[in-house]
Amino acid sequence: MKNIDLRSDTVTLPTEKMRKAMANAELGDDVYGEDPTVNRLQTMAAERMGKEAGLFVPSGTMGNLVAVLTHCGRGDEVIMGNCAHTFIYEGGGVAALGGVHPHTIPNQPDGTLLIEDIRHAIRADDPHFPKSKLLILENTQNKCGGMSISREYMLEAAAAAHDAGLAIHLDGAWIFNAAVDQGVSAVDLVDMVDSVTFCLSKGLCAPVGSVLCGSREFIEEANRIRKQLGGGMRQAGVLAAAGIVALEDMVDRLGEDHDHARALAEGLSEIPSVLLDKGSPNTNMVYIKLDPSLGVDAETCAKELKRKGILVGTTGLRHFRLVCHYWIVDEDIPKIVRGFQDAIDDLRTEISGS
Ligand code: TLP
């Protein structure tokens, strides 16, 4: 039985077309800037983001770290949401490796940061304080529910930061999901930021990699920092080739994942003990929780689901995240709903029998 894997869209495998492109990629040494396939991907990525240049990096985490270290020096401060991936899930890299001080403000349920909180967080010029240098935004906002954030909000937040002389980096790991959700081009959501990272290895199915985009001058400096971090790759065109296919073929279909997420949320919310945790999905993520009266925790339920061939991520005591992607097809949706119903019924029987 094939597992239905909803833990993340990072589990997506490269498509046949990607594998062929990887096998046939024209290669060179990218640290010399001589890998034609990497160069092509970087040019394409920069065009898709409306920026002057792009830099291929091994992961979203490295892309964000390189961006922060390019924008900030030791003792500078970066403002970000308390639910930001850069704050919670990147090993504290900006502080550990860059001596950059994270200053968090609350993410709102819709994934945004209040503009007044941004303005208030920016430090006055006073030797007691670190220097506020950078604002990080995240679109879609993963932990708030894969929330897609509008151009209007992005413009307002960018103005708040720029007015005070801060730069803005966008963690756009899922920026194409946001663009597809809103029926706009990714450029519309990123033309106000100074740098943006997006991931090829999530819903776009490439096996490895992200691209950091910004001005030519910014990317030249970012290239130096990537090298410092050990991210200079040699014949990286093998990987970039899959990234090119990802950009060409996999962006326009992301709406299917969003439709699946909505159908899944609808089906699951009909199970009496299952509640939608973050409302109806904007994009490809479904966050749910179990009613406490069920007396079952998420880990136990996830183990039961695994026995039934369904892999899910747990995000709290009774909470789950289910991510739809290319390898989740129409027929899987009723199977997942039935799997949850059966797992809950089995666990309820177990509890009442014990
Ligand atoms: N997100 C992954 C991992 O945390 C496992 C996931 O499944 O949610 N920015 C955002 C908003 C992200 O969610 C992620 C990864 C990254 C950056 C980092 O990307 P990678 O995993 O390529 O370092």
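First, a word on what this report is: a plain description of the structure on this page.

Structural notes on the nonpolar core
Logical step 1: Grouped together as the largest cluster of nonpolar side chains are 57 residues, with contacts concentrated most on Ile118, Phe176, Phe198, Leu200 and Leu247.
Logical step 2: Here this core gets 7 residues from one element, more than from any other, and that element is helix α11 (residues 237-249).
Logical step 3: Those residues within four positions of Leu247 in sequence are excluded, and the remaining contacts are Leu41, Met44, Ala45, Arg48, Phe176, Phe198, Leu200 and Leu204.
Logical step 4: Counting residues in hydrophobic clusters, the runner-up holds 30 residues, among them Leu268, Ile288, Val296 and Ile336.

Comments concerning the site of the ligand
Logical step 1: The environment of the ligand is made up of 14 residues, and the closest members are Ser8, Gly60, Thr61, Asp171 and Arg321.
Logical step 2: Taking Asp171, its side chain carries an N or O atom lying 2.7 Å from a nitrogen atom of the ligand.
Logical step 3: The side chain of Lys202 places a nitrogen or oxygen atom 2.9 Å from an oxygen atom of the ligand.
Logical step 4: Across the complex, the protein chains shield 79% of the 510 Å² of accessible surface that the ligand would expose by itself.
Logical step 5: No other element matches the 3 residues that helix α3 (residues 60-71) contributes to the shell around the ligand.

Looking at the packing of aromatic side chains
Logical step 1: Enumeration over the complete set of coordinates arrives at 3 aromatic pairs.
Logical step 2: Between Phe176 and Phe198, the aromatic rings sit 5.3 Å apart at their centres with planes inclined by 80°, giving edge-to-face as the arrangement. Placement of the pair is Phe176 in helix α8 (residues 175-182) and Phe198 in strand β7 (residues 195-199), with a sequence separation of 22 residues. For the pair Phe176 and Phe198, a shared accessibility class is recorded, and that class is buried.
Logical step 3: Arranged with centres 5.6 Å apart and planes meeting at 85°, the rings of Phe320 and Phe340 form a pair that is edge-to-face. On the criterion of sequence distance, the pair formed by Phe320 in strand β13 (residues 319-323) and Phe340 in helix α14 (residues 332-353) is long-range, its members being 20 residues apart.

Considerations on the pattern of salt bridges
Logical step 1: The tally for this structure, following the rule as stated, stands at 19 salt bridges.
Logical step 2: Between Glu304 and Arg307 there is a salt bridge, with its nearest N and O atoms 2.9 Å apart. With a gap of 3 residues between them, Glu304 and Arg307 both fall in helix α13 (residues 298-307), about one helical turn apart.
Logical step 3: Among the charged side chains, a network of salt bridges with common partners joins Glu304, Arg307, Lys308 and Asp346.

Basis of the calculations
Along each chain, the written sequence defines residue order, and numbers are assigned to residues from 1. The predicted nature of this model means local features are confined to residues of pLDDT at least 70 and side-chain atom pairs, given and counted, to a pLDDT of 80 or more, with totals for whole chains, interfaces and linings taken over all residues. Only hydrogens and water are removed before side-chain values are computed, so all heavy atoms of the structure are retained for them. Nine residue types can take part in a nonpolar core, namely buried Ala, Val, Leu, Ile, Met, Phe, Trp, Tyr and Cys, and a core is a set of them joined through side-chain atoms within 4.5 Å. Relative accessible area decides the class of each residue, using a 1.4 Å probe on protein chains only: under 20% of the type maximum gives buried, over 50% gives exposed, and in between gives partly exposed. Secondary structure counts use DSSP, requiring at least four H or I residues in a row for a helix and at least two E residues in a row for a strand, with both numbered from the N terminus. It only takes one pair of heavy atoms within 4.5 Å for two residues to be counted as in contact. Proximity is defined per residue: if any heavy atom of the residue lies within 4 Å of a molecule or strand, that residue is considered near it. Throughout this description, a polar contact denotes any pair of N or O atoms lying within 3.5 Å of each other; where both atoms belong to protein, one of them has to be capable of donating a hydrogen while the other can accept it, and for residues adjacent in sequence the pair is counted only when both atoms sit in side chains. Areas reported as accessible are Shrake-Rupley estimates using a 1.4 Å probe. Residue values count occlusion only from the protein chains shown. Ring pairs are drawn from Phe, Tyr and Trp, using the six-membered ring of Trp, whenever the two centres fall within 6.5 Å, and their geometry is named by plane angle: stacked under 30 degrees, edge-to-face over 60, tilted for the rest. By definition here, a salt bridge exists when the distance from a side-chain nitrogen of Lys or Arg to a carboxyl oxygen of Asp or Glu is within 4 Å.

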